[in-house]
Amino acid sequence: MTKIRSTAVRRSMLPLAALAVLAGCGTQRAGGDAGAAGPSRAGSTTTVPSVPTDFPCPGESSSPAAPTTAGGSAPASPPTDHYAENHGFRVPFPLHGQKRCDGLAASARITKALEPLRERGDFEAASTLAALTRLGYPAGKVESYQNPTGVDFLIDASSMCLEGTLNRDSVKADAFGGYPDHSGCDVPSGGH
């Protein structure tokens, strides 16, 4: 009888232990001491990170658009499996505040510079690379490559990342802030 009860107790503790491990993954506590339960000095306060606020950028309506991923689609609802959790390292950081405005301005400059190529039907990666380097982006920080319908490009612009496409129908450029656990602008191939 005792053996059955202790097994049942262990089984009931397993979900709690798993939850404790998952909740602690990658967290830090205020005060810099991972073992601290709270502020170490009397009277000190712990600040909770606030949600970044966005404001209208020049040429934009009074309310900023809903956040999107670098590919331009709206954030999806979480799936029931762990795919999103396990692939979160591939979700780019959005830009906020003045950096968001700078990203919108850079995207507009890129679109304007590539539009003549689209109108001429010049969908060569070398032409796209040349147009982007004329905007002042170093050639070593710009990638352009052919796709079945045109050209894709990626720019590592030190303060942000810019990506987009050029094809017969349109020129698209989007700015984002990079990826978690990755220092470059390219989509990371592995997680943690």
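Report follows, based on the coordinates. (Residues numbered from 1 in each chain as written. Predicted model: local features only at pLDDT ≥ 70, side-chain atom pairs only at ≥ 80, totals over all residues. Heavy atoms only, no water.)

**Considerations on the nonpolar core**
Part 1 of the argument: Ranked by size, the top nonpolar core spans 20 residues in total, and within it Ile110, Leu114, Leu132, Tyr137, Phe153, Ile155 and Leu162 carry the most contacts.
Part 2 of the argument: By residue number, the principal contributor to this core is helix α3 (residues 97-120), which donates 4 residues.
Part 3 of the argument: Counting residues in each nonpolar core, the second largest holds 5 residues, with Leu154, Cys161, Phe176 and Tyr179 among its members. (Core = buried A, V, L, I, M, F, W, Y, C linked by side-chain atoms within 4.5 Å. Buried < 20%, exposed > 50% of the residue type's maximum accessible area, 1.4 Å probe, protein only. Helix = DSSP H or I, 4+ residues; strand = E, 2+ residues; numbered from the N terminus.)

**Side note on the side chain of Asn167**
Part 1 of the argument: Residue position: Asn167 is located in strand β3 (residues 161-167).
Part 2 of the argument: Under the relative-accessibility criterion, Asn167 is labelled buried at 16%.
Part 3 of the argument: A distance of 3.0 Å separates a polar atom in the side chain of Asn167 from the backbone nitrogen of Asp169.
Part 4 of the argument: Within polar-contact distance, the side chain of Asn167 engages the backbone nitrogen of Ser170 at 3.0 Å. (Polar contact = N/O pair within 3.5 Å; in protein donor to acceptor, adjacent residues only side chain to side chain.)

**Concerning the state of the cysteines**
Part 1 of the argument: Counting across every chain of the model gives 2 disulfides.
Part 2 of the argument: In this model Cys57 forms its disulfide with Cys101; the gap between the sulfur atoms is 1.9 Å. In this structure the cystine formed by Cys57 and Cys101 twists about its S-S bond by roughly -85°; its chirality is therefore left-handed. One end of the pair, Cys57, is in the loop between α1 (2-24) and α2 (83-86); the other, Cys101, is in helix α3, and 44 residues separate them in sequence.
Part 3 of the argument: Take Cys57: its relative accessible area is 5%, and that puts it in the buried class. (Disulfide = S-S within 2.5 Å.)

**What to know about α3**
Along an α-helix, residues three or four positions apart point the same way, because every turn accommodates 3.6 residues.
Part 1 of the argument: Between the first and last C-alpha of α3 there are 36 Å, a value that for 24 residues agrees with the 34 Å anticipated at 1.5 Å per step.
Part 2 of the argument: Its maximal kink placed at Leu114, α3 deviates by approximately 35°, while the proline Pro116 follows within four residues.
Part 3 of the argument: Those residues of α3 not exposed but buried are Gly97, Arg100, Cys101, Gly103, Ala106, Ser107, Ile110, Leu114 and Leu117.
Part 4 of the argument: Phi for Gly121, located one or two positions after α3, is positive at around 80°. (Expected span 1.5 Å × (residues − 1). Bend = angle between axes of the 7 residues up to and from the residue.)

**Observations concerning the sheet that holds β3**
Part 1 of the argument: Taken together, the 4 strands give an open sheet; going across it, the order is β1-β2-β3-β4, and neighbouring strands pair in antiparallel fashion. At either margin of the open sheet sits one strand with a lone partner, and together these are β1 (142-147) and β4 (171-176). Neighbour-to-neighbour, the strand axes of this sheet turn through a mean angle of 15°, independent of strand direction.
Part 2 of the argument: Here β1 pairs with strand β2 (residues 150-156) via 6 bridges, running antiparallel. Across the sheet, Gln146 pairs through a bridge with Val151, a residue of β2.
Part 3 of the argument: Along the sheet, α3 contacts β2, β3 and β4; its crossing angle with β4, the most-contacted strand, is approximately 160°.
Part 4 of the argument: Strands in contact with helix α4 (residues 125-134) are β1, β2 and β3; relative to β1, the strand with the most contacts, it is inclined by about 155°. (Pairing = 2+ DSSP bridges. Axes fitted to C-alpha atoms, helices over the stretch in contact; angles between N-to-C directions. Contact = heavy atoms within 4.5 Å.)

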